[in-house]
Amino acid sequence: MTDIKSMTLAEITDALRGMGEPAFRGKQVFTWLHRGVRSFDEMSNLPKELRAKLSSAYFITTPKVARKQVSKLDGTIKYLWELGDGNCIETVLMSYHHGNTVCISSQVGCRMGCRFCASTIAGRVRDLRPSEMLDQVLFTQLDSGEEISNIVLMGIGEPMDNLDTVLRFLELVNHPDGLNIGMRHISLSTCGVIPGIERLAELGLQLTLSVSLHAPDSATRSRIMPVNNAYDVDDLFDACHRYFEKTGRRISFEYAMIDGVNDSDAQADLLAKKIRGMPGHVNLIPLNDVVESEFKPSRRVAAFQKRLESHGLTATVRRSLGGDIDASCGQLRRKAMEEGGEEA
Ligand code: SAH
């Protein structure tokens, strides 16, 4: 059985042609899939025999809502989806004045090991399929009734560790016969996997690259992010500068403020120095207190922001949404695992 929703329009059209079907059938099937049908029987403009033939060779992924939490504070919705094999992933729907943003996962778990992050505590279970990434957008939209205009790949997983899938997902979600979400409405976040950044630079996609930096110096960064041992922060900055030169796109640097670890004025100065030469933007994130973590939120967020601004950098403090519903970074999945809701 083949996962038909992970196929591109060209691939579906080819497969149908191989079954003796006319070319327009491909577009019909593709359009139905991207509307979120759960079975071939719902594809009412296809002949019955073709529907039967398709269901004997292909399957349609359909995640189930395992949990859904709605924030009383700001309406943020967090979904825990159960996938076909019983694994669970998180998706968060946030509404901002400029539209609805969905934050999606790219892997079941994560193997990057960032010391402050709940998503990585139990490691990586498996990569997601393109269809499973698309489903998070599709079924969040269907379940909530809210039209989604922006996507951030900032949920569970490291997109660069599953990049072929991510690129295929981008092609699918961007397609005019599908959800048609423009690249400029999509952000991809990485903990700093340089070959992935280089590959994206080559492709010249118009999406926004976010780099989870969290420290400007190698010693601090290695302490909190093991990925820094493989891809050192100075090489990472070089890759970012090259990315900007190639694409002309401004990079967003994510910086979770950790008490006494990465929040000194000297680190703000160093950060500004290393970004100099490109129009970087720093997004300061008040650290979310993960129960299992030794790190505590910084009390110097405003001072750090001022210091960056004194160097001419733009720095914003991320507004925290869904604080009452475990809305951040693998916390809901983690909770469900602890409560025995999922086999890890
Ligand atoms: N693996 C990718 C995508 C995940 S994005 C990446 O690292 O960029 C999730 C963002 O939330 C990352 O910037 C991550 O570093 C950050 N994050 C993880 N745990 C956090 C915490 N406890 N408090 C604040 N931010 C956190």
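Nothing here was measured: the structure is a model prediction, and the numbers come from that model.

1. Re the packing of aromatic side chains
What describes a pair of aromatic rings is the distance from one ring centre to the other and the angle between the planes of the rings.
Next, step 1: Following the criterion strictly, the structure yields three aromatic pairs and no others.
Next, step 2: Look at F237 and F253: their rings are 5.8 Å apart centre to centre, the planes differ by 40 degrees, and that puts the pair in the tilted class. One end of the pair, F237, is in helix α9 (residues 233-247); the other, F253, is in strand β12 (residues 252-257), and 16 residues separate them in sequence. Accessibility assignment for this pair places F237 and F253 in one class, buried.
Next, step 3: Above the ring of W32, the side-chain terminus of R35 is found at 5.0 Å from the ring centroid.

2. As for the packing of helix α10 (residues 265-275) against helix α11 (residues 301-310)
Next, step 1: It is at 9 Å that the axes of α10 and α11 come closest, and there the two elements cross at 35 degrees. For the pair α10 and α11, the crossing hand works out as right-handed. Residue-level inspection shows D265, Q267, A268, D269, L271 and A272 of α10 in contact with α11, the latter providing F304, R307 and L308.
Next, step 2: Classifying every residue of the contact of α10 with α11 gives five nonpolar, one polar and three charged.

3. Some remarks on the side chain of S187
Next, step 1: Relative to the helices and strands, S187 resides in strand β10 (residues 186-190).
Next, step 2: Judged by its relative accessible area of 16%, S187 falls in the buried class.
Next, step 3: Beyond its immediate sequence surroundings of up to four residues, S187 is in contact with I151, V152, L153, M154 and T208.

4. Examining the sheet that holds strand β14 (residues 314-317)
Next, step 1: What the 10 strands build is an open sheet, ordered β3-β4-β5-β6-β9-β10-β11-β12-β13-β14; its pairing is mixed. Two strands lie at the open edges of the sheet, namely β3 (64-70) and β14, each paired on one side alone. Each strand axis lies, on average, 20 degrees off the axis of its neighbour in the sheet, ignoring direction.
Next, step 2: The pairing of β12 with strand β13 (residues 281-286) spans six bridges and is classified as parallel. Within β13, the residue paired with A256 across the bridge is I285.
Next, step 3: Seen against the sheet, helix α5 (residues 163-174) touches β9 (150-153) and β10 and runs at an angle of roughly 175 degrees to β9.
Next, step 4: Packing of α11 onto the sheet brings it into contact with β12, β13 and β14, and relative to β14 it is tilted by some 165 degrees.

5. Details of the site of the ligand
Next, step 1: The ligand sits among 19 residues. The nearest are E158, S189, S212, H214 and N288.
Next, step 2: In the model, a nitrogen atom of the ligand is placed 3.0 Å from a nitrogen or oxygen of the F116 main chain.
Next, step 3: Here a nitrogen atom of the ligand sits 2.8 Å away from a polar atom, N or O, in the main chain of N288.
Next, step 4: Taken by itself the ligand offers 540 Å² of open surface, and the protein chains cover 94% of this.
Next, step 5: Elements represented by at least two residues in the shell around the ligand include exactly β10 and β12.

6. With respect to the pairing of strand β6 (residues 99-103)
Looking along a regular strand, one sees side chains alternate from face to face of the sheet.
Next, step 1: Where burial is concerned, most of β6 is hidden: five out of the five residues are buried.
Next, step 2: As consecutive antiparallel partners, strand β5 (residues 88-96) and β6 are separated by two residues.

7. Overview of the side chain of S210
Next, step 1: Among the secondary structure elements, S210 is positioned in strand β11 (residues 208-212).
Next, step 2: The residues contacting S210, other than those within four sequence positions of it, are M154, L188, S189, T190, S252 and E254.

8. Points about the pairing of β10
Next, step 1: Of all five residues making up β10, five are buried, and the element is well covered by its neighbours.
Next, step 2: Across three bridges, β9 lies against β10 in parallel orientation. When the sheet's bridge partners are listed, V152 is paired in β10 with S187.
Next, step 3: Handedness of the crossover joining β9 and β10 through α5 is recorded here as right-handed.
Next, step 4: By the bridge criterion, four bridges tie β10 to β11 in an arrangement that is parallel. Counted as the bridge partner of S189 is S210 from β11.
Next, step 5: The parallel pair β10 and β11, bridged by helix α6 (residues 194-203), forms a crossover whose chirality is right-handed.

9. Notes on the environment of G280
Next, step 1: Along the chain, G280 falls in the loop between α10 and β13.
Next, step 2: We classify G280 as buried; its relative accessible area is 6%.
Next, step 3: The spacing of G280 and G182 is 98 residues in sequence and 22 Å in space, taken between C-alpha atoms.
Next, step 4: The contact partners of G280, leaving out residues within four places of it in the chain, are R250, I251, F253, I275, L313 and T314.

10. Considering the packing of α6 against α9
Next, step 1: At a minimum axis separation of 9 Å, α6 and α9 run at an interaxial angle of 5 degrees. As judged from the angle between their axes, α6 and α9 are roughly parallel. On α9, the residues touching I194, I197, E198, L200, A201 and E202 of α6 are D235, L236, A239, R242, Y243, K246 and T247.
Next, step 2: Of the residues contributing to the contact of α6 with α9, the split by class is seven nonpolar, one polar and five charged.

11. Section: the environment of G277
Next, step 1: Relative to the helices and strands, G277 resides in the loop between α10 and β13.
Next, step 2: Judged by its relative accessible area of 68%, G277 falls in the exposed class.

Conventions and cut-offs
Residues numbered from 1 in each chain as written. Predicted model: local features only at pLDDT ≥ 70, side-chain atom pairs only at ≥ 80, totals over all residues. Heavy atoms only, no water. Phe/Tyr/Trp six-rings, centres within 6.5 Å; stacked < 30°, edge-to-face > 60°. Helix = DSSP H or I, 4+ residues; strand = E, 2+ residues; numbered from the N terminus. Buried < 20%, exposed > 50% of the residue type's maximum accessible area, 1.4 Å probe, protein only. Lys NZ or Arg CZ within 6 Å of the ring centre and 35° of its normal. Axes fitted to C-alpha atoms, helices over the stretch in contact; angles between N-to-C directions. Left-handed = near helix turned anticlockwise from the far one by under 90°. Contact = heavy atoms within 4.5 Å. Nonpolar A, V, L, I, M, F, W, Y, C, P; charged D, E, K, R; others polar. Pairing = 2+ DSSP bridges. Near = heavy atom within 4 Å. Polar contact = N/O pair within 3.5 Å; in protein donor to acceptor, adjacent residues only side chain to side chain. Areas by Shrake-Rupley, 256 points an atom, 1.4 Å probe, with all protein chains shown as cover. Right-handed = clockwise from strand over helix to strand, strands pointing away. Parallel < 35°, antiparallel > 145°, perpendicular 65-115°, else oblique.

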